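Here is how the chains run, residue by residue.
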Amino acid sequence: MNKENPILEIRNLEVIYQSRKRESKAVNKINLVLNRKETLGLVGETGAGKTTTALSILRLLPERTARILGGQILFDNKSILEIGEKEMQAIRGERISMIFQDPMTSLNPVVPIGEQIKEALVLHNSSGRSKKEIDDRTDEILSLVGINPERKSQYPHEFSGGMKQRVVIAMALACSPELLIADEPTTALDVTIQAQVLEMMEDLKQRFQMSMIIITHDLGIVAKTCDKVAVMYAGEIIEFGTFENFFCQDNRHHPYTVGLFGSIPKIDTDEERLHPIDGLMPDPTNLPSGCKFHPRCPKCMEICKTSLPNDTVIDGHMIKCHLFVEVVE
Amino acid sequence: MYKYIARRLLSIIPILLLTIFIVFVILESTPGDPAMIILGRDASPDALNALREELGFNKPMLLRYLDYVQGIFTRFDFGESYRSKQPVFDNILVQFPTTLKLAIFSVIVASIVGIPLGIVSAVRQYSLTDVALTVSALFLASIPGFWLSLLLVLFFSLLLGVLPSTGIDSWKNYILPVATLALPSAAILMRITRAQMMEVWKQDYIRTARAKGANEWRVITKHAIKNALMPVITIVGMSFAGLLGGTVIVELIFGMPGLGNLIISAIKLKDIPIVMAGTIFLSTLFMLIMLLVDLLYAFIDPRTKSQFKR
């Protein structure tokens, strides 16, 4: 594919939340590149800034509290932070879609699910489809996600959690978007259903030739679906690389990533306890100096406490850690 | 659904029986002898006694209550007015339309003014518009009706002379009374709509709608209103039902021969059949309206509908 033309590029994005006199730094100057047809896994703990990043791409951050301080988001080479609201509405739902975290609350309880799926098609009907064609497309997309089209006049409360998630996915896919952002698409689901939904998404991604960003804290999901991985911590991307960088060549990793992998319980070894990463995510209103991870880092050095490490890139594998600075130099 | 309606309609009967009993007790414990009020102070004791016997006042209260209830259920007989000697419903039905018109117009005006302003207020939360609307709503909601009506009369009838202050001769007569009744209701409706709308505005499905590319107008009309309006409808129904019995002050001030006026004068004159029948009439209406409101829910919220199937 055309490597020169990524579908999405985020440059130095900086987002804060303001409430009264407190200021939370949610996203701190992150950079990301996503090529066409690629799947990017955005990994991190709750509060790392994953969802904020996703909402910035759609420009759906809470209006009153959130503020984008700086940076650029280029979607298909167009700077979408600068375009007007009307133009953005034309992109939302048609070219970029999002699957939200909780299928229980992201469907409108008083609108039949068929109507909710159809809405995206009606709103983005530039090709002038007839009513019948839109209805047919709604049926088609419902069948695609494994819901009988006859159920389209039913309301969300008549569906189970897994089925609701399928409806949410159908809604996002209705217009065959170029970029799909899935925010923890399986977190609210049973483990048994998780696999089904993931498989279905992978299948649909192939069919629609979509690019995808999957936000998750589950490394298993990442291993199953992603081409590239970005690990976020305290609003920064601290490691970025390909699937191989993370899961095959087990050589260099950010200590936080090592911790994340370490915290996955293993069934083949005889361990009594889980291995969580000690400590808590830092308070976003009062981030530590230097490397944001240093208070929890097992390999913390003096320099980590005072100076923010630069991005160290080795063959496209980026690690933001002082440990690896010398390796390159 | 039909089962539900039938059950609700049947449940009106015991509630009415209780209502009638309570009003009976209240009337019994208020001073004043109906016989003396009808015949006048200087009537002879024999005549008074004869009339009491005729009206049944020599019987104990409980027996009279049973007689009265029996009359209603077997003969649909609510008695005659002591004063006009006509069946009570002749009186009530003559005066009710005025009250009904007042209540209907007031509720419509209150809804048309209150609900959209509430929505605007919520969507433009904490803006200048919102603050201005909130302050004026608070002001209107706290003004007593009699004072507001007097101010309106002072301004529009006396000072400008554009609107009549008494009577029911033309539609113009209704403007000031309706304004008096509607403005405080509108203020309350606005506050409730605003609160509901703000709650809905935070919901995930609103963000989902935006993510589909819906614009502000569509998000409000297609997704938010239906969810926000349910409690508002209850309030509209209740204020309508409340207005049917609560227009008294306005009727008195604007000299309108409505139901409130009729019942008040009947209470003063101890015209017990009118008071009783008026109370029964109003409480039945109240219950029917509330039933209607609950049924309306089913059309708006599919989750309620499934409950009716039980």
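See the structure printed just above.
Anyway, here's the lowdown on the structure attached to this text. (Residues numbered from 1 in each chain as written. Chains lettered and ligands numbered in written order. Predicted model: local features only at pLDDT ≥ 70, side-chain atom pairs only at ≥ 80, totals over all residues. Heavy atoms only, no water.)

Helix and strand counts for chain A stand at 11 helices and 12 strands. Here the C-alpha atoms of chain A give a radius of gyration of 21 Å, agreeing with the 20 Å that 2.2 N^0.38 yields for 329 residues. Looking at chain A residue by residue over its 329 residues, the buried ones come to 52%. In chain A, once contacts between residues fewer than 6 apart in sequence are set aside, the share between residues at least 24 apart is 66%. Each charge sign in chain A was given a centre, from 38 positive and 46 negative side chains, and these centres are 5 Å apart. (Helix = DSSP H or I, 4+ residues; strand = E, 2+ residues; numbered from the N terminus. Rg over C-alpha atoms; globule rule 2.2 N^0.38 Å. Buried < 20%, exposed > 50% of the residue type's maximum accessible area, 1.4 Å probe, protein only. Contact = heavy atoms within 4.5 Å. Lys, Arg positive; Asp, Glu negative; His and termini not counted. Charge placed at Lys NZ, Arg CZ, Asp CG, Glu CD.)

The next point concerns the interface of chain A and chain B. Listed by partner, the interface residues are 25 residues for chain A and 24 residues for chain B. Between chain A and chain B, a total of about 2200 Å² is buried, with carbon and sulfur atoms accounting for 57% of that surface. For the chain A face of the interface with chain B, the top three residues by lost area are Phe 100, Val 110 and Glu 119 of chain A, together amounting to 25%. Put simply, Lys 212 of chain B and Glu 119 of chain A hold a salt bridge, and the shortest N to O gap is 2.9 Å. There are 12 residue pairs in polar contact (both at pLDDT 80 or more) connecting chain A and chain B. (Buried area = accessible area lost by both parts, 1.4 Å probe. Salt bridge = Lys/Arg side-chain N within 4 Å of Asp/Glu carboxyl O. Polar contact = N/O pair within 3.5 Å; in protein donor to acceptor, adjacent residues only side chain to side chain.)

A separate point is the nonpolar core. Soluble, globular proteins show a tendency: their nonpolar side chains are buried together. Counting 80 residues, the largest nonpolar core has Ile 20, Tyr 68, Met 197, Trp 201, Leu 259 and Met 276 of chain B as the members making the most contacts within it. Those residues in contact with Tyr 68 of chain B, other than ones at most four positions away along the chain, are Ile 20, Phe 24, Phe 78, Met 276, Ala 277 and Ile 280 of chain B. Within the second largest apolar cluster, 57 residues are counted, among which are Leu 8, Ala 48, Ala 54 and Ala 66 of chain A. (Core = buried A, V, L, I, M, F, W, Y, C linked by side-chain atoms within 4.5 Å.)

Here Ser 106 of chain B is to be found in helix H5 (residues 88–123). Look past the residues within four positions of Ser 106 of chain B in its chain and what remains in contact with it is Val 178, Leu 181, Ala 182 and Leu 243 of chain B.

All names here are of chain A. Taken together, the 8 strands give an open sheet; going across it, the order is E6-E7-E8-E3-E9-E10-E12-E11, and neighbouring strands pair in mixed fashion. Whereas interior strands pair on both sides, the edge strands pair on one side only; in this sheet they are strand E6 (96–99) and strand E11 (312–314). Strand-to-strand twist in this sheet, taken as the mean axis angle between neighbours without regard to direction, amounts to 20°. Relative to strand E10 (residues 236–242), strand E9 (residues 228–233) runs antiparallel, the two sharing 6 bridges. What sits directly across from Tyr 233, in E10, is Glu 236. Contacting strand E3 (39–43), E9 and E10, helix H9 (residues 255–262) crosses the sheet at an angle of about 100° to E9. (Pairing = 2+ DSSP bridges. Axes fitted to C-alpha atoms, helices over the stretch in contact; angles between N-to-C directions.)

Moving on: the packing of aromatic side chains. Within this structure, the stated rule accounts for 14 aromatic pairs over all chains. Pairing Tyr 233 of chain A with Phe 293 of chain A gives two aromatic rings, centres 5.0 Å apart and planes at 80°, and the pair type is edge-to-face. One end of the pair, Tyr 233 of chain A, is in strand E9; the other, Phe 293 of chain A, is in the loop between H9 and helix H10 (302–306), with 60 residues separating them in the sequence. Phe 293 of chain A carries the same exposure label as Tyr 233 of chain A, and that label is buried. With 5.1 Å between their ring centres and 90° between their planes, Phe 155 of chain B and Phe 156 of chain B make a pair best called edge-to-face. On the basis of relative accessible area, Phe 155 of chain B is assigned to the partly exposed category, the value being 41%. Judged by its relative accessible area of 27%, Phe 156 of chain B falls in the partly exposed class. Cluster of aromatic residues (ring-pair linked, three or more members): Phe 76, Phe 78, Phe 89, Phe 96 and Phe 281 of chain B. Between the NZ or CZ atom of Arg 210 of chain B and the centre of the ring of Trp 201 of chain B, over which it lies, the distance is 5.2 Å. (Phe/Tyr/Trp six-rings, centres within 6.5 Å; stacked < 30°, edge-to-face > 60°. Lys NZ or Arg CZ within 6 Å of the ring centre and 35° of its normal.)

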